[in-house]
Amino acid sequence: MEAKVIDLSKLRKATGWQGTDQSGKVNPITQEDLSQRLNIDQSQVSRYENDPSSIPLDLLFHWLQALGVRLEDAFEMAGKNEPLGINPGLPWQKLQRNCGLLMEYVHGAKATVRNFRESAFNAESLRVLAQELRRKPNIVFTGKFDSGKSRLANGLLGRRDLPDKYQPATRLITYVCHINDKPSWLREEVLILNRNFDFSRDISMLDSLSIDEVNKNYKVVAGNLEILKAYGTHDGKYSEVKDAKYALVYMDSPLLEACNIVDLPGYGASEDEDVERAREGGKVADILVYTSNSTGFLDAEDFVRMQYEVSRLPAFEGSVKDYPLLGNLYIVATHASRDKTQEDLDAILTTASNRLYQTMSETWRALSTARGRTIDAGVLRARMFTYWAELPDRRKNLEECMTSYLATTLPKVKNGILDQTVAEYKSEADKELSARIAEYQAIMEDTTNAERTYEELKRNEPTRKKRVENTKLNIINQIRAHRKEHLDELTRVYEENLNIDGLERLIKGKYKEKNEAQRYLGTYLLDHIQGRLSSVGEEKAKLLKLEIDEFLQIYDMALTSASADIEKPGLSIPFDAKGAFLAGLTGLATLGALSIWVSTMGNLGGYILAAKLSGWLATVGISVGGKALITYLASIGGPVTAGIAIALAVAAAIWSIFGDSWQRRLAKKTIDAFNTKDVQKKFTENINAFWRDTEIAFRDGAESVEKKFMKNLKHLDDVIKGRISRDTLKAKIAQFNKVKDFLANTPWVPLA
Ligand SMILES: Nc1nc2c(ncn2[C@@H]2O[C@H](COP(=O)(O)OP(=O)(O)OP(=O)(O)O)[C@@H](O)[C@H]2O)c(=O)[nH]1
Ligand SMILES: [Mg+2]
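Here the structure is a predicted model, which means the values were calculated and not measured.

### A short note on the overall build of the protein chain
Argument step 1. Regarding its fold elements, the protein chain presents 29 helices and eleven strands.
Argument step 2. Burial status across the protein chain gives 55% buried among its 752 residues.
Argument step 3. For the protein chain, the proportion of contacts with a sequence separation of at least 24, taken over those separated by at least 6, is 81%.
Argument step 4. Summing over all exposed atoms, the protein chain offers an accessible surface of approximately 31,700 Å²; the carbon and sulfur share of this is 50%.

Here it is as structure tokens:
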């Protein structure tokens with residue numbers, strides 16, 4: 001039998017927590033503390049830790065008792081039971097094969113097809129589609145610093161390659177992928193990138209970058225896993241290299257066959273660079289793991305952070321009947337060691353889920369609407385898990401749930417969505433290209449008729465222009481009216497919620513314990529105010545969407561009414577007003593209320609995947625490949641929130657009170673905190689910015705449609721007036737037909 005030696009030093013550090021100090025840092029028990037507990041000299045503790053095989057058996061038993069560890073657990077901690085990682089199998093194998101075939105198909109296309117750009121449906125957009133479809137889901141690890149994110153990620157990977165240690169460790173947004181997914185231009189296992197890299201936009205398109213581009217714009221250094229320690233941790237050798245922002249890491253692990261991992265820097269008490277990075281990394285999450293130490297599990301700060309992350313998580317509910325509600329959210333109580341009994345842990349999680357539900361009631365209400373099912377405290381409880389690497393029973397539930405989610409649940413949902421997306425792309429392509437072909441054919445076959453239609457169209461131009469101008473003006477006025485009403489709503493919500501008597505009543509009704517009220521009241525109020533403002537904003541955004549659709553119809557109608565008078569409708573002029581409007585928005589970083597318009601454009605259709613739109617959508621915070629797109633306003637583009645910084649400042653300002661009945665004092669204090677932290681001003685600024693962004697986005701979109709329309713008109717003019725010859729027309733028709741056939745024959749074996 002192999003002799004087992006217990007690593008006593010590791011054991012002491014891993015189990016003997018002395019709690020946390022004021023900065024939130026976890027302190028392990030020291031050698032001195034242990035020597036006192038054992039009533040021996042510190043030098044002896046040191047000696048046995050250096051040479052554990054020499055410890056007498058009776059001392060070993062006392063030793064374990066002093067640390068509160070059972071013998072079998074001690075062996076586990078000594079390395080025997082290091083997690084081997086989870087293995088969801090190869091859930092995307094069929095998909096990868098499909099996408100591989102698609103890529104080959106595009107590569108093999110004839111030059112005439114490959115270079116065709118007269119429609120958004122072309123070989124290039126098919127290639128971008130394939131690239132987007134084959135992207136593996138991203139699991140993002142987030143939570144406060146030192147809460148065990150990296151250690152948990154390591155445990156699930158079955159490796160210890162991500163640096164995990166006491167001090168705030170992770171410094172870079174660390175993107176971990178399977179070694180086989182390494183882009184062909186990269187030789188090394190680890191690549192450190194600088195801040196020029198646009199993570200949410202570029203990460204799924206690594207393959208289309210070139211080594212020259214990377215070297216010139218993004219690369220800081222490349223190397224092996226040692227590089228990750230040197231650049232990726234706060235006390236690493238090159239931690240002061242300010243330029244380094246991201247680490248791409250390629251390694252071998254069964255988990256990485258099923259997903260990519262994003263390990264983020266932790267949230268600290270203040271809004272520093274790590275926090276900003278944590279937030280940026282969260283954008284690409286398909287699955288979110290939120291870690292919090294089971295000692296002090298989920299405080300008000302965690303609530304604020306989690307709310308933000310969960311709101312923007314893609315919703316897959318509704319696509320598949322037995323999909324677990326909030327199935328892509330894992331809230332993990334880390335450090336679930338033997339210090340705590342199973343009963344302790346159960347109680348901790350249950351209390352936390354009730355509190356989380358009650359404090360963030362508006363958030364859950366809105367998410368329930370967005371996801372079509374009711375989220376209550378029980379649902380939240382079911383999304384909570386424990387973890388301690390050394391104890392299989394404390395990690396089993398998480399490991400099993402995540403494995404089956406990745407192996408079965410998610411592929412089932414995604415495969416359906418992917419099949420549908422490809423089918424839609426093909427049918428949209430066929431529709432649009434056929435219409436263009438018919439248009440050219442009509443012109444060729446019946447010139448007089450085409451000319452008459454065109455003349456009619458020209459005659460209608462002044463009327464159309466006037467209608468466009470009027471409607472545009474009307475919409476802009478409405479946007480301004482919405483803004484004013486939105487601000488009025490803020491004043492009303494504020495007066496209703498922040499008066500002493502009302503607040504005192506609320507506190508009496510809602511909280512029994514002073515301590516609890518103090519901790520959670522500020523967060524509850526902010527959530528409440530935000531919820532009201534968001535739902536008002538969402539209603540307005542939906543009204544605006546209807547107006548915009550009507551506005552775009554003017555363009556469609558200009559074309560149909562032009563050919564309506566003619567007995568034989570020979571000429572139909574396809575014009576993609578929506579696509580043109582959308583194209584006008586793509587340069588913008590925020591869309592205000594127009595996020596709703598974009599998000600309800602249907603399940604991708606042809607527009608969204610054409611060109612590089614998918615990357616842009618990620619940039620403005622709309623995720624592609626969710627249940628369609630997200631419609632909950634707070635989750636897209638500019639959420640109407642006071643901002644995390646202010647929420648934390650308010651919460652902190654309320655935490656110390658003295659004087660009258662505590663409820664009344666707390667009410668006063670809370671109102672003071674809201675006032676001194678300028679919460680109302682902050683909300684006002686955000687509402688103003690939201691509607692300003694909306695107006696800018698609308699103007700840009702409208703301008704883009706008009707330009708495109710005029711360009712089409714000009715093209716039509718050229719064709720009809722014979723400036724484009726019949727031979728050119730014939731060649732065009734032939735070319736369109738080739739592309740149409742090419743896209744119609746796109747290879748795709750149904751996945752679902
Ligand atoms: N033994 C043991 N130690 C753990 C476990 N989880 C976390 N720790 C320890 O707790 C400390 C913090 O864990 P990390 O994984 O580095 O925490 P983090 O959240 O990644 O921290 P930052 O990167 O600073 O945000 C490290 O010393 C870990 O080794 C566990 O399951 N078992
Ligand atoms: Mg870390």
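### Some details on the coordination of the magnesium ion (ligand 2)
Argument step 1. Protein coordination at the magnesium ion (ligand 2): the donors are Ser 150 (OG) and Thr 170 (OG1), at 2.0 to 2.1 Å from the metal. Here Thr 170 lies in the loop between α9 (149–157) and β4 (173–178) and Ser 150 lies in helix α9, a separation of 20 residues in the sequence. This pair shows no difference in class: Ser 150 is buried, exactly as Thr 170 is.

### So, the packing of helix α19 (residues 392–445) against helix α28 (residues 679–720)
Argument step 1. Running from N to C, α19 and α28 point in directions that differ by 35°, and their axes come no closer than 11 Å. Both α19 and α28 take part in a crossing whose hand is right-handed. Contact residues: α19 offers Glu 439, Tyr 440 and Ile 443, while α28 offers His 715, Leu 716, Val 719 and Ile 720.
Argument step 2. Classifying every residue of the contact of α19 with α28 gives five nonpolar, one polar and one charged.

### Quick word on the pattern of salt bridges
Pairing between side chains becomes possible if they bear opposite charge and their charged atoms approach one another.
Argument step 1. Counting across every chain of the model gives 41 salt bridges.
Argument step 2. The partner of Lys 144 in a salt bridge is Glu 301, with the nearest N and O atoms 4.0 Å apart. Pair noted here: Lys 144 is in the loop between β3 (138–143) and α9 and Glu 301 is in helix α15 (residues 300–311), with a separation of 157 residues, a long-range link.
Argument step 3. The class of Glu 301 is buried, set by a relative accessible area of 15%.

### Comments concerning the sheet that holds strand β6 (residues 219–223)
Argument step 1. With mixed pairing, the nine strands of this open sheet are ordered in space as β6-β5-β7-β4-β8-β3-β9-β10-β11. The sheet is open, and its two edges are formed by β6 and β11 (384–386), each paired on a single side. Averaged over all adjacent pairs, the angle separating strand axes in this sheet is 20°, with direction ignored.
Argument step 2. When strand β5 (residues 190–194) meets strand β7 (residues 244–251), the two strands line up antiparallel, connected through five bridges. Paired with Ile 192 across the two strands is Ala 247, which belongs to β7.

### Focus on unusual backbone geometry
Argument step 1. For Leu 298, which is not a glycine, the phi torsion comes out positive at approximately 50°.
Argument step 2. Checked against the element boundaries, Leu 298 lands in the loop between β9 (287–293) and α15.
Argument step 3. For Leu 298, a relative accessible area of 2% corresponds to the buried category.

### Overview of the side chain of Asp 718
Argument step 1. Among the secondary structure elements, Asp 718 is positioned in helix α28.
Argument step 2. For Asp 718, a relative accessible area of 15% puts it in the buried group.
Argument step 3. Apart from residues no more than four positions distant in its own chain, Asp 718 is found in contact with Arg 723 and Ile 724.

### Examining the pairing of β5
Argument step 1. Judged by how many residues are buried, β5 sits mostly within the fold: five of five residues are covered.
Argument step 2. Judged by which residues are buried, β5 turns out to be covered on both faces: Val 190, Ile 192 and Asn 194 on one side and Leu 191 and Leu 193 on the other are all buried.
Argument step 3. The pairing of β5 with β6 spans four bridges and is antiparallel. Bridge pairing links Ile 192 to Val 221 in β6.

### Focus: the side chain of Lys 545
Argument step 1. Of note, Lys 545 is situated in helix α22 (residues 514–564).
Argument step 2. Owing to a relative accessible area of 18%, Lys 545 belongs among the buried residues under this scheme.
Argument step 3. Setting aside anything within four residues of it in sequence, one finds Lys 545 in contact with Trp 597 and Thr 600.

### Digging into the pairing of β7
Argument step 1. Within β7, eight of the eight residues are buried, which leaves it mostly tucked inside the rest of the structure.
Argument step 2. Relative to β7, β4 runs parallel, the two sharing six bridges. When the sheet's bridge partners are listed, Cys 177 is paired in β7 with Tyr 250.

### Here we look at the packing of aromatic side chains
Between two aromatic rings, the relevant description is the distance of the centres plus the angle of the planes.
Argument step 1. What the rule picks out here adds up to 21 aromatic pairs.
Argument step 2. Through pairs of rings, three or more aromatic residues link up here, namely Phe 551, Tyr 555, Phe 581, Trp 597, Phe 698 and Phe 709.
Argument step 3. Positioned above the aromatic ring of Tyr 330, the side-chain terminus of Arg 383 is 4.9 Å from the ring centre.
Argument step 4. Just above the ring of Tyr 524 sits the side chain of Lys 510; from NZ or CZ to the centre is 4.2 Å.

### With respect to helix α6 (residues 93–107)
Argument step 1. With 15 residues, α6 should reach 21 Å at 1.5 Å per residue; the first-to-last C-alpha distance of 21 Å fits that figure.
Argument step 2. Inspection of α6 places Leu 95, Asn 98, Cys 99, Leu 102, Met 103 and Val 106 among the buried residues, and these make up the whole buried set. End-on view of α6: buried residues confined to an arc of 135°, all on one side of the axis. Along α6, exposed side chains directed more than 90 degrees from the buried face belong to Arg 97, Glu 104 and His 107.

### Quick notes on the nonpolar core
Argument step 1. Of all hydrophobic cores here, the largest spans 198 residues; its most connected members are Leu 298, Leu 356, Leu 585 and Phe 698.
Argument step 2. Of all the elements, α22 adds the most residues to this core, at 17 residues.
Argument step 3. In contact with Phe 698, not counting residues within four places along its chain, are Lys 472, Ile 475, Ile 476, Ile 479, Ile 548, Phe 551, Phe 581 and Leu 594.
Argument step 4. Counting 17 residues, the second-largest nonpolar core is a separate cluster that includes Tyr 48, Leu 59, Leu 67 and Ala 74.

The rules we used
- Residues numbered from 1 in each chain as written.
- Chains lettered and ligands numbered in written order.
- Predicted model: local features only at pLDDT ≥ 70, side-chain atom pairs only at ≥ 80, totals over all residues.
- Heavy atoms only, no water.
- Helix = DSSP H or I, 4+ residues; strand = E, 2+ residues; numbered from the N terminus.
- Buried < 20%, exposed > 50% of the residue type's maximum accessible area, 1.4 Å probe, protein only.
- Contact = heavy atoms within 4.5 Å.
- Areas by Shrake-Rupley, 256 points an atom, 1.4 Å probe, with all protein chains shown as cover.
- Donors = N, O, S within 2.8 Å, 3.2 Å for Na, K, Ca; no water.
- Axes fitted to C-alpha atoms, helices over the stretch in contact; angles between N-to-C directions.
- Left-handed = near helix turned anticlockwise from the far one by under 90°.
- Nonpolar A, V, L, I, M, F, W, Y, C, P; charged D, E, K, R; others polar.
- Salt bridge = Lys/Arg side-chain N within 4 Å of Asp/Glu carboxyl O.
- Pairing = 2+ DSSP bridges.
- Phe/Tyr/Trp six-rings, centres within 6.5 Å; stacked < 30°, edge-to-face > 60°.
- Lys NZ or Arg CZ within 6 Å of the ring centre and 35° of its normal.
- Expected span 1.5 Å × (residues − 1).
- Arc of directions from axis to C-beta.
- Core = buried A, V, L, I, M, F, W, Y, C linked by side-chain atoms within 4.5 Å.

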